[in-house]
Amino acid sequence: MQAAIPEDERGRLATLRSFHILDTMPEQSFDDVTLLASQICGTPISAISLVDEQRQWFKSIVGLDVRETHRDAAFCSHAILEPGHVLVVPDATKDARFADNVLVVGDPKIRFYAGTPLVTFAGDALGSLCVIDRTPRELHAGQLEALRVLGRQVVYQLELRRAFEELRHTVGALRQAETDLRSEQRNQLELRDQLVSHVSHELRSPLTVIYQYVSILLDGLAGSISGQQREFLDIALKNALQLQRMIGDLIDSTRAGTGKLALDRCRIGLGHIATEVTASLAMVASAKRIRLHADVAEALPEAVGDPGRLRQVIVNLVENAIKFTPEGGTVTVRARVDAGDPAAVRLSVEDTGCGIAPTEQERIFDRLYQVNDCSNRSRKGLGLGLYICRELVLRQGGRLWVEGGPGEGSRFHFTVPVFDLATLLAPVLSGKNLERGTLAVVRVHVSPQADQEITQTGASPVGAAWQTVKACTNPSMDVVLPRLGEDDRSETIVVVAIADEAGAGILASRIKEQLTATEEIGRNGYVWEVTTTLLSLPHGRGNYRNAEVAQTVAGMIDPHLENTSWKRAA
Ligand code: ADP
């Protein structure tokens, strides 16, 4: 006799599907239960049967080699009709519901059946855990109880499995959402940066025009002006200048964000730049009755960095110091060899101002961050200054940080690497390169033609020559030394190459060829000269050899270097 269909069969089937268990591979945890059930009940057959629309499918079965049977023949279809009871059939041949069942009449010739329904937490009977025998029999109370307990264990496992799958699904969806969000944020940031960069560039030109015309009026080139007109024009000029700096900050900050801050590495005197900046801001400081002075250590070693960009960093730090220091205070610009790292020069800007709370000391370097509660509220920046400064310093191989709490004043410090030939040459003075035994020093001197009046158009000829020489070299074999001077009029560009005579000749010819083709040089009346010197690599080891090479190269490019930096490396 066919079993009736449960009342809410559609809902029951939907629940069964939600477990995603049908037609899955066997699992040890379910197989353990059927094995235990058949052993406890002493039956040759046990199964976890799930009643699907047209079939019963066995998640686990012992004693029979089938995965499913038709639903019409399933004893379990009867078991699920009464979810609260264990269906026990002592002798199927004597039970009207099963006497003509194909599984009773034919193989496996079922006589005894006991099945406990598998009822989910929500009350749906999915199938049963059953034990089967080929001879009629009974179960004692303990066995029946054990069967119920094992049935509940099957349900726990099913529920756990479903919860775990749902969790995994949720985690996957969350991860995907996070990835999408990140990429969306990245896109928006990129768009914002593009917009800011575009708008800033577009604002620059009209602003320059305003600045120029106001200057013309102030200079009296368009007729004489009254005292009040001068006062108003001065205010306009000051604001135009401030706007110009803000636009510059915006452009720099978007460049920093996209890694496009251009740097021109030179051999520099950081102390000299510090003194220069201090002098240029003396008026601003004295207008606020602030004592501003530079304290540069004697015989400060030269450093490597972009002089324009480092000037920008120092100006920013000193202007901030003046801004946040009350009248009568002091601002000191100090340049020293870094006490913690002798291979770096440290520049410090120290003030007697309001200081910065420890909790703010990292945040002030964030983009657009400004401290709210500092006494000086006449803010005129965008909160980009320190962010740009830190980016600029980091990109030049140094670091920038602040010390001093509220009431102590602030001490901003940054470092830049010392100009040290041994360190600069180290990357090529290693490994297989040394086996070649020789190195070549190629010097390119670029200068204006004698008696030539300079009217430069376009990019600087010295800068263009430097780019050209750089493009002719191979970074794994050659080192182009940082520009040796800040002078934009003439320059000696030095390439130290691991090469023999033939290699040096090839490199020199390539450089000459490319310099001839560099338009900015000839067009501006500049000339160049290339000289090549071949050196034997000294024997000796590691640092000693590098120091010896550095000393020789130093003597060749600039006798002044012989008694400064190279000695530090030795
Ligand atoms: P902005 O470009 O607006 O000047 P900065 O990035 O230069 O912004 O500075 C960020 C914050 O750091 C400012 O809000 C200011 O409060 C704080 N700050 C900078 N320099 C000093 C200083 N010397 N003393 C106290 N606070 C400072």
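Residues numbered from 1 in each chain as written. Predicted model: local features only at pLDDT ≥ 70, side-chain atom pairs only at ≥ 80, totals over all residues. Heavy atoms only, no water.

### Considering the overall build of the protein
Part 1: Helices and strands together make up the secondary structure of the protein, namely 17 helices and 17 strands.
Part 2: In terms of C-alpha radius of gyration, the protein reaches 42 Å, well past the compact-globule figure of 25 Å for 570 residues.
Part 3: Its C-alpha atoms give the protein principal-axis dimensions of roughly 125 × 70 × 45 Å.
Part 4: Within the protein, buried positions represent 45% of all 570 residues.
Part 5: For the protein, the share of sequence-separated contacts (at least 6 apart) that also reach a separation of at least 24 residues comes to 70%.
Part 6: Total accessible area on the protein is roughly 29,500 Å²; 54% of this is exposed by carbon and sulfur atoms.
Part 7: Between the mean site of the 61 positive side-chain charges and the mean site of the 72 negative ones, the protein shows a separation of 2 Å. (Helix = DSSP H or I, 4+ residues; strand = E, 2+ residues; numbered from the N terminus. Rg over C-alpha atoms; globule rule 2.2 N^0.38 Å. Buried < 20%, exposed > 50% of the residue type's maximum accessible area, 1.4 Å probe, protein only. Contact = heavy atoms within 4.5 Å. Areas by Shrake-Rupley, 256 points an atom, 1.4 Å probe, with all protein chains shown as cover. Lys, Arg positive; Asp, Glu negative; His and termini not counted. Charge placed at Lys NZ, Arg CZ, Asp CG, Glu CD.)

### A look at the sheet that holds strand 6 (residues 125-133)
Part 1: One open sheet holds the six strands; their spatial order is 3-2-1-6-5-4, and the pairing between them is antiparallel. Edge positions in the open sheet fall to strand 3 (68-70) and strand 4 (87-89), since each of these has one partner strand only. The sheet shows a mean angle of 25° between the axes of neighbouring strands, direction not considered.
Part 2: Bridge analysis of strand 5 (residues 112-119) against strand 6 gives eight bridges, and the strand direction is antiparallel. Bridge pairing links Ala114 to Val131 in strand 6.
Part 3: Across the sheet, helix 2 (residues 28-41) is in contact with strand 1 (45-51), strand 2 (55-62) and strand 6; its angle to strand 2 comes to roughly 75°. (Pairing = 2+ DSSP bridges. Axes fitted to C-alpha atoms, helices over the stretch in contact; angles between N-to-C directions.)

### So, the nonpolar core
Part 1: Counting residues in hydrophobic clusters, the biggest one holds 44 residues, and the most contacted among them are Leu270, Ile314, Leu347 and Phe414.
Part 2: Elements with a contribution of two residues or more to this core: strand 7 (266-268), helix 7 (270-280), helix 9 (307-323), strand 10 (330-337), strand 11 (344-351), helix 10 (385-394), strand 12 (400-403) and strand 13 (411-417).
Part 3: Looking at this core element by element, the count peaks at seven residues for helix 9.
Part 4: Formed by 25 residues, the second largest nonpolar core is a distinct cluster that contains Val304, Val428, Val441 and Leu535. (Core = buried A, V, L, I, M, F, W, Y, C linked by side-chain atoms within 4.5 Å.)

### Here we look at unusual backbone geometry
Peptide bonds are mostly trans, and most non-glycine residues show a negative phi.
Part 1: Residue Pro108 follows Asp107 across a cis peptide bond; omega there is 5°.
Part 2: Assignment of secondary structure puts Pro108 in the loop between helix 4 (102-105) and strand 5.
Part 3: In this structure, Arg289 takes a positive phi of about 55° despite not being glycine.
Part 4: Within the element layout of this structure, Arg289 appears in the loop between helix 8 (282-287) and strand 8 (291-296).

### Describing the packing of aromatic side chains
Part 1: This model, assessed by the stated rule, comprises four aromatic pairs.
Part 2: The interplanar angle of 70° and the centroid separation of 6.3 Å between the aromatic rings of Phe365 and Phe412 together place this pair among those described as edge-to-face. Taken together, the residues span a long stretch of sequence, with Phe365 in the loop between strand 11 and helix 10 and Phe412 in strand 13 at a distance of 47 residues. Residue Phe365 shares its accessibility class with Phe412, and that shared class is buried.
Part 3: Through a chain of ring-to-ring contacts, three or more aromatic side chains come together here, namely Phe75, Phe98 and Tyr113.
Part 4: Taking NZ or CZ as reference, Arg162 lies 4.0 Å from the ring centre of Phe19, over its face.
Part 5: Its guanidinium or amino end placed over the ring of Trp401, Arg399 lies 3.9 Å from that ring's centre, counting from NZ or CZ. (Phe/Tyr/Trp six-rings, centres within 6.5 Å; stacked < 30°, edge-to-face > 60°. Lys NZ or Arg CZ within 6 Å of the ring centre and 35° of its normal.)

### Points about helix 6 (residues 227-257)
Part 1: The end-to-end C-alpha separation of helix 6 is 45 Å, in line with the 45 Å expected for 31 residues at 1.5 Å each.
Part 2: Considered for burial, the residues of helix 6 that qualify are Leu233, Leu237, Ala240, Ile247, Gly248, Asp249, Ile251, Asp252, Ser253, Thr254 and Ala256.
Part 3: Positive backbone phi, approximately 70°, marks Gly259, located one or two places after helix 6. (Expected span 1.5 Å × (residues − 1).)

### Considerations on the side chain of Arg309
Part 1: Here Arg309 shows up in helix 9.
Part 2: Within polar-contact distance, the side chain of Arg309 engages the side chain of Asp252 at 3.1 Å. (Polar contact = N/O pair within 3.5 Å; in protein donor to acceptor, adjacent residues only side chain to side chain.)

### Focus on the pairing of strand 11
The two faces of a sheet get side chains in turn, since along a regular strand they alternate between them.
Part 1: Burial analysis of strand 11 places seven of its eight residues in the buried class, which makes it a mostly covered element.
Part 2: Between strand 10 and the antiparallel strand that follows it, strand 11, lie six residues.
Part 3: Bridge count for strand 11 against strand 13 is seven bridges, and the pairing is antiparallel. Paired with Ser348 across the two strands is His413, which belongs to strand 13.

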